[in-house]
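# Coordinate inspection notes
The primary structure of each chain is shown beneath.
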Amino acid sequence: MDRDTATWQATKELATLQQAHADLAAYEAKLGRAAASEAPEPAEPPAPKKARRKPKE
């Protein structure tokens, strides 16, 4: 009987995790669409990085 209970609990946990994963994916997709529609275009491209000095030897 314990084995059946453990199997049932594991199955229930797996179903819960799968639902949570689906909910999270939907939430992230919703955020991605919202962020894409609200994100302003950059005013100008970022400045190029300065070249590093060579260290003294």
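This text follows the structure it describes.
What this report covers is the structure whose coordinates are included nearby. Quick caveat: nothing in here was measured; it's all calculated off a predicted structure. (Residues numbered from 1 in each chain as written. Predicted model: local features only at pLDDT ≥ 70, side-chain atom pairs only at ≥ 80, totals over all residues. Heavy atoms only, no water.)

## So, the overall build of the protein
How we decide: A run of H or I in DSSP counts as a helix once it spans at least four residues, and a run of E counts as a strand once it spans at least two, with each numbered from the N terminus. Summary of the burial criterion: residues with accessible area below 20% of their type's maximum are buried, those above 50% are exposed, and those between are partly exposed, where the area comes from a 1.4 Å probe applied to protein chains only. Note on areas: Shrake-Rupley with a 1.4 Å probe; residue coverage comes only from the protein chains shown.
Within the protein one finds one helix and zero strands. Burial status across the protein gives 0% buried among its 57 residues. Counting every atom, the protein has about 6400 Å² of accessible surface; 58% of that belongs to carbon and sulfur.

## Quick look at a nonpolar patch on the surface
Applied cut-off: Patches in this entry comprise residues that are over 30% relatively accessible and not in a salt bridge; like charges within 9 Å are linked, as are nonpolar side chains (Val, Leu, Ile, Met, Phe, Trp, Tyr) within 5 Å. By definition here, a salt bridge exists when the distance from a side-chain nitrogen of Lys or Arg to a carboxyl oxygen of Asp or Glu is within 4 Å.
Taken together, the side chains of Leu24, Tyr27 and Leu31 make up a nonpolar region of the molecular surface, amounting to roughly 300 Å² of accessible area. By the element assignment, Leu31 lies in helix 1 (residues 2-38). Since its relative accessible area comes to 43%, Leu31 is described here as partly exposed.

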